[in-house]
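# Observations on the three-dimensional arrangement
Chain by chain, the residues:
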Amino acid sequence: MCLFCPTPSVAPSSPWSPRRAFLLAAGASAAAPVLAQVEVGSASSLRKLVPAETLENSAAQQYQQMLQQAKAKRALAPSDHPQLQRLHAIAKRLIPHTMPWNDRAKQWRWEVNLIGSSQINAFCMPGGKIAFYTGILDQLKLTDDETAMIMGHEMAHALREHARERIAKTQGTNLALRLGSQLLGLGDLGQAAAGLGGQLLTLQFSRSDETDADLVGLELAARAGYQPSAAVSLWQKMGNASGSKQGGLAFLSTHPSGPARIRELEVNVPKVQGLYEAARRNG
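Here the structure is a predicted model, which is why all the values come from computation and not from measurement.

### So, the pairing of strand 3 (residues 122-125)
- Of the two faces of strand 3, the one lined by Ala122 and Cys124 and the one lined by Phe123 and Met125 are each fully buried.
- Linking strand 3 back to strand 4 (residues 129-133) in an antiparallel pair, the connection comprises three residues, with glycine 127 at a positive phi of about 95°.

Quick look at the structure:
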């Protein structure tokens, strides 16, 4: 099993010297499919209008461009950076529980990188490309449990293919208007998905998408042995950050916090508590 594929060695320079980040092979021993403890319903069938492989390839290209830009600014964390190693350890525990949520995850090459920036931000692009900014870890002083909740939430967006659904709805509507009475074909939506490029990082999800990701992420983290109540404390911290004068709240611009979000999590924490306790017992 290769969760952490080796990377070429590079002579060390500064703490943020460019280094190729590790790749997580999606073929790791997955948990057997089981009934979900949270209630999120089936993923939208609209996503099928956009070819998944096309969108994942577009995301991978944009992700690599982002890494190249970070390297040029000497802002990409080296593989031995403590915070990046911490993220690797959390991802290694979460990834085996992703495949029951999306069969395509078996083919994904999960990648996690850390970028030196004051921005409070993190994301997971289609195909399992994850990035955290140091600002979200440092400014919010996140525990491992809270960090796992963010990572699980972002993984859930990719697993539930929310970006694919958003594109199908927005691009599909626009194309239908342009084509008039002509039949809308997959090729048109596929071309739209391939051309999205820079839009993937700024794509805004619906309130239902956010709730969906909160709950799926909560269950992923619980199955991986992370304390479910950390989901509540995380969003309390997010709420406090949004009301402060801290800058760079990119994450909160697309993931608004609020009492309703926290109440929904509080209702669902007991549903996954048993999963967490079982994970802890099993080591």
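### A closer look at the pattern of salt bridges
- Under the counting rule described, the total for this entry stands at 12 salt bridges.
- The residue arginine 164 makes a salt bridge to glutamate 161 at a minimum N-O spacing of 2.9 Å. In this structure, arginine 164 and glutamate 161 share a single accessibility class: buried.
- Among the charged side chains, a network of salt bridges with common partners joins Glu165, Arg166 and Asp209.

### Comments concerning the nonpolar core
- Among the nonpolar cores identified, the biggest contains 54 residues, and Trp110, Phe132, Ile136, Met151 and Met155 are the most heavily contacted of them.
- Counting 12 residues, the second-largest nonpolar core is a separate cluster that includes Tyr63, Met66, Ala131 and Tyr133.

### Details of the confidence of the model for the protein
- The pLDDT averaged across the protein works out to 79; a share of 71% of its residues lies at or above 70.
- Across the protein, helix 2 (residues 82-94) holds the top mean pLDDT of 98, while strand 1 (residues 23-25) sits lowest at 45.
- Contacts for the low-pLDDT stretch residues 1-15, under 50 throughout, to residues beyond four places or in other chains number 29 contacts.
- Counted against residues more than four places away or in other chains, residues 173-190, with its pLDDT under 50, gives 18 contacts.

What counts as what
- Residues numbered from 1 in each chain as written.
- Predicted model: local features only at pLDDT ≥ 70, side-chain atom pairs only at ≥ 80, totals over all residues.
- Heavy atoms only, no water.
- Buried < 20%, exposed > 50% of the residue type's maximum accessible area, 1.4 Å probe, protein only.
- Helix = DSSP H or I, 4+ residues; strand = E, 2+ residues; numbered from the N terminus.
- Pairing = 2+ DSSP bridges.
- Salt bridge = Lys/Arg side-chain N within 4 Å of Asp/Glu carboxyl O.
- Core = buried A, V, L, I, M, F, W, Y, C linked by side-chain atoms within 4.5 Å.
- pLDDT = per-residue confidence, 0-100.
- Contact = heavy atoms within 4.5 Å.

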